[in-house]
Amino acid sequence: MAVHKLDRSEFGDPANAGNLMTIEEAHSLLNEWVPNERLRLHMKQVAAVMKAWAIKKENADEQIALKWELAGLLHDADWEKYPDDHCRIIIEELERRNIDPEVIHCIASHGPRYFGVEPNNKMDKMIYVFDELSGLIHAYSLMRPEGYAGMEVKGVKKRLKEKSFAANVSRDEINDAFSRIEHQPDEIIQFIIEHQRDVS
Ligand SMILES: [Fe+2]
């Protein structure tokens with residue numbers, strides 16, 4: 001990735017806490033900014049996994065679940081049009097729209113090695129662990145004649161060990177992300193399979 005570090009650690013205005021956009025608004029931003037259908041699907045998958053995790057594992061209410069979902073849905077929104085300025089452009093857009101700083105920080109910290117922003121809270125840490133793995137699992141579904149049907153955690157782990165498979169998916173990043181949470185890889189992989197399989 002030819003991205004630049006963001007060189008700051010504060011995002012958004014604390015006064016905007018609780019300001020979100022609707023999921024419809026986020027989808028129309030996505031449709032406008034991301035012509036590539038496969039990339040849009042990636043973001044929808046990460047959004048579905050984030051939302052499900054918030055509700056099922058973090059006891060999130062509707063508002064908090066929407067935060068997790070929005071961060072997932074928009075985390076790569078500027079990647080296609082502004083690869084060299086990925087995620088600065090979407091961050092600035094969300095700041096202009098007065099969006100909740102936690103959503104913006106979550107997006108800013110989804111690749112600490114690239115953007116130089118450390119994941120702080122659970123939402124930050126989970127998007128970091130879901131992002132690359134979600135991509136690898138989807139790539140795996142595309143090479144399986146049966147797609148997601150019957151996909152098992154052990155098959156995913158095998159692909160993870162195969163450096164040549166989805167070689168652009170950084171194993172270092174995935175390991176780094178796992179080291180920051182207390183959940184086991186099996187739980188995370190199973191959760192991703194279950195919650196992104198039906199996203200279209
Ligand atoms: Fe991503």
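Preceding this paragraph is the structure being described.
Q: Help me understand the coordination of the iron ion in this model?
A: Put simply, the ideal angle at a metal is 109.5 degrees for four donors in tetrahedral geometry and 90 or 180 degrees for six donors in octahedral geometry. In this structure, His 42 (NE2), His 75 (NE2), Asp 76 (OD) and Asp 131 (OD) serve as the protein donors to the iron ion, at separations of 2.1 to 2.2 Å. Because the angles between the 4 donor atoms bound to the iron ion fall within 85 to 179 degrees, the donor set is best described as irregular. All donors of the iron ion belong to a single chain; written as a sequence motif, their spacing is H-x32-H-D-x54-D. Both residues of the pair, His 75 and Asp 76, belong to the buried class.

Q: Looking at this model, I keep getting lost on the pattern of salt bridges. Mind explaining?
A: Side-chain pairs of opposite charge can arise whenever the charged atoms involved come near each other. Inspection of every chain in the model, using the stated rule, returns 15 salt bridges. Between Glu 95 and Arg 8 there is a salt bridge whose closest N-O contact spans 3.0 Å. On the criterion of sequence distance, the pair formed by Glu 95 in helix H4 (residues 88-96) and Arg 8 in the segment before helix H1 (23-33) is long-range, its members being 87 residues apart. Overall, the relative accessible area of 22% leaves Glu 95 in the partly exposed class. Owing to a relative accessible area of 32%, Arg 8 belongs among the partly exposed residues under this scheme. Glu 152 serves as the salt-bridge partner of Lys 154, at 3.6 Å between the closest nitrogen and oxygen. On the accessibility criterion, Glu 152 (43% relative accessible area) is partly exposed. One connected set of salt bridges, linked through shared partners, spans Lys 67, Asp 100 and Glu 102.

Q: Looking at this model, I keep getting lost on the layout of surface pockets. Mind explaining?
A: Gaps between atoms show up when a probe of the same size as a water molecule is rolled over them. Taken as a whole, the largest pocket spans an internal volume of roughly 630 Å³. The wall of the largest pocket is formed by 25 residues, among which His 42, Glu 132, Gly 135, Asn 168 and Val 169 lie closest to the centre. Going through the elements one at a time, helix H2 (37-57), helix H6 (112-115) and helix H7 (122-143) are the ones with two or more residues in the lining of the largest pocket. No other element matches H7, which puts 7 residues into the lining of the largest pocket. For the lining of the largest pocket, the class distribution of residues is 11 nonpolar, 9 polar and 5 charged. Each pocket or cavity is described by its volume, and for the second largest pocket that value is around 160 Å³. Surrounding the second largest pocket, Lys 157, Leu 160, Lys 161, Lys 163, Arg 171, Ile 174, Asn 175, Phe 178, Pro 185 and Ile 189 form its lining. Ranked by residue count, the leading element in the lining of the second largest pocket is helix H9 (residues 171-179), at 4 residues. Partitioned by chemical class, the residues of the lining of the second largest pocket number 5 nonpolar, 1 polar and 4 charged.

Parameters at a glance
- Residues numbered from 1 in each chain as written.
- Predicted model: local features only at pLDDT ≥ 70, side-chain atom pairs only at ≥ 80, totals over all residues.
- Heavy atoms only, no water.
- Donors = N, O, S within 2.8 Å, 3.2 Å for Na, K, Ca; no water.
- Tetrahedral: all angles 85-135°; square planar, octahedral: opposite > 155°, others 65-115°.
- Buried < 20%, exposed > 50% of the residue type's maximum accessible area, 1.4 Å probe, protein only.
- Salt bridge = Lys/Arg side-chain N within 4 Å of Asp/Glu carboxyl O.
- Helix = DSSP H or I, 4+ residues; strand = E, 2+ residues; numbered from the N terminus.
- 1 Å grid on protein atoms, 1.4 Å probe; cavity = no way out; pocket = protein on both sides within 12 Å on 5 of 7 lines; lining within 4 Å.
- Points joined across faces, edges and corners; volume = space filled by probe spheres on them.
- Nonpolar A, V, L, I, M, F, W, Y, C, P; charged D, E, K, R; others polar.

Shape is all these values report; function is a separate question.
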